[in-house]
Amino acid sequence: YGGMGLDFSYNIAVAEELGNIRCGGIPMAIGVQAGMATPALTRFGSHELKKQFLVPTIAGDFVACLGISEAGAGSDVANTKTTAVRKGDEYVINGGKMWITSGTQADWMCLLANTSEGPPHQNKSLICLPMNLPGIHVARKIDKLGMRSSDTAQIFFEDVRVPCKNLIGEEGKGFTYQMLQFQEERLWGVAMALTPLETVIQETIDYTRQREVFGQPVLHNQTVHFRLAELATEVELLRSLLHRAMALYVEGNDVTKFASMAKLKAGRLTREVTDSCLQFWGGMGFTSEVLVSRFYRDLRLMSIGGGTDETMLSIICKYMEILPRK
């Protein structure tokens, strides 16, 4: 279908390298295309669906987006309200999606919708939805704190008709397929954050080495160089966890626990590194002229997008068998 047939470790290498881009929005948009909207189609989609949607997406001729979150269902995927009701050989889709990366320019959406009245984990399906169909309304581009180079849309569906053959895999398996997609999305996000964190630490070292306060470089204060050493150590620990999870995933293992741990740690660490480093820049850190302030805004999404820190903690607790039963 136009791909190189490489294993997932290459995705991680690409994501780490894309971290050299001096903003978060572009790597995230590429990540949606390569590791968030397409894994389920690649793994479970029919040959016809792959020819129609995956081939042009891999070629870069189509922009893909992922339609999971709603105004009342972000990390709580089971609470999705959008419906796709089968009528003849078509699904009729009604509802809406929120926080859709690349949503204003996407050619198609990997849509999660309720296709039956059954239990919330068994009534959902993934559908390849062309974004030029009647009844699809891109309501607005959302004005965000960070990731400002990335378009994020609110989208509504009103009696949108799509062929039933656009179903990815089996009907009712959408929640399961999406949980699998989330593993690649979360690992990509962790990998994408590593290089920016290293860059912020290094640029902070360079700045505090030449910036003098009270007759000596800021870097010579023990609280500064000790803190930078500690943060660099944390980044290396995160990299090791990511690479362990990646190796297990490539071997075919369920890495939900490790991916959730890495995602949790990445969200916490991006906040810690950017906040600590911004402080060492003083007044300059509060301007838009320096990279640390941009990553302070852009990387704040790590603790929210693709599952909040709190959701990651719940997943980890579930795998540790310490999550209270309802």
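Because the structure is a prediction, the values reported are computed rather than measured.

A. Looking closely at the pairing of strand 5 (residues 124–130). Burial analysis of strand 5 places seven of its seven residues in the buried class, the great majority of the element. Along strand 5, one buried face is formed by Lys124, Leu126, Cys128 and Pro130 and the opposite face, lined by Ser125, Ile127 and Leu129, is buried too. One ladder, built from seven bridges, connects strand 4 (residues 108–114) with strand 5; its direction is antiparallel. Directly across from Cys110, in strand 5, lies its bridge partner Cys128.

B. Just the packing of aromatic side chains, in detail. Evaluated as defined, the whole model comprises four aromatic pairs. With centroids separated by 4.0 Å and ring planes inclined at 15 degrees, the aromatic side chains of Phe44 and Tyr177 adopt a geometry described as stacked. With Phe44 in helix 3 (residues 39–44) and Tyr177 in helix 5 (residues 174–210), this pair connects stretches of sequence that are 133 residues apart. Taking relative accessible area as the criterion, Phe44 reaches 29% and is therefore assigned partly exposed. The class for Tyr177 is buried, based on a relative accessible area of 6%. With 4.2 Å between their ring centres and 5 degrees between their planes, Tyr207 and Trp281 make a pair best called stacked. With Tyr207 in helix 5 and Trp281 in the loop between helix 7 (256–280) and helix 8 (291–298), the pair connects residues that are 74 residues apart, well separated along the chain. Side by side, Tyr207 and Trp281 carry an identical accessibility label, which is buried. For Arg186, the ring lying beneath its charged end belongs to Phe182, and the centroid distance is 4.4 Å.

C. Examining the domain arrangement of the protein chain more closely. Taken domain by domain, the protein chain consists of domain 1 (37–169) and domain 2 (176–320). On a C-alpha basis, the centres of domain 1 and domain 2 stand 30 Å from each other. Facing 18 residues of domain 1, the contacting portion of domain 2 comprises 17 residues. A combined buried area of about 1400 Å² lies between domain 1 and domain 2, and 64% of that area is made up of carbon and sulfur atoms. When residues of domain 1 are sorted by the area they lose upon contact with domain 2, Arg43, Ser75 and Met147 head the list and together hold 35% of the total. At the boundary of domain 1 with domain 2, the tally comes to one salt bridge. Among the ionic pairs, Arg43 bridges to Glu184, the shortest N-O distance being 3.8 Å. Remark: the boundary between domain 1 and domain 2 carries six residue pairs in polar contact (both at pLDDT 80 or more).

Thresholds applied
- Residues numbered from 1 in each chain as written.
- Predicted model: local features only at pLDDT ≥ 70, side-chain atom pairs only at ≥ 80, totals over all residues.
- Heavy atoms only, no water.
- Buried < 20%, exposed > 50% of the residue type's maximum accessible area, 1.4 Å probe, protein only.
- Helix = DSSP H or I, 4+ residues; strand = E, 2+ residues; numbered from the N terminus.
- Pairing = 2+ DSSP bridges.
- Phe/Tyr/Trp six-rings, centres within 6.5 Å; stacked < 30°, edge-to-face > 60°.
- Lys NZ or Arg CZ within 6 Å of the ring centre and 35° of its normal.
- Domains from an automatic or database assignment.
- Contact = heavy atoms within 4.5 Å.
- Buried area = accessible area lost by both parts, 1.4 Å probe.
- Salt bridge = Lys/Arg side-chain N within 4 Å of Asp/Glu carboxyl O.
- Polar contact = N/O pair within 3.5 Å; in protein donor to acceptor, adjacent residues only side chain to side chain.

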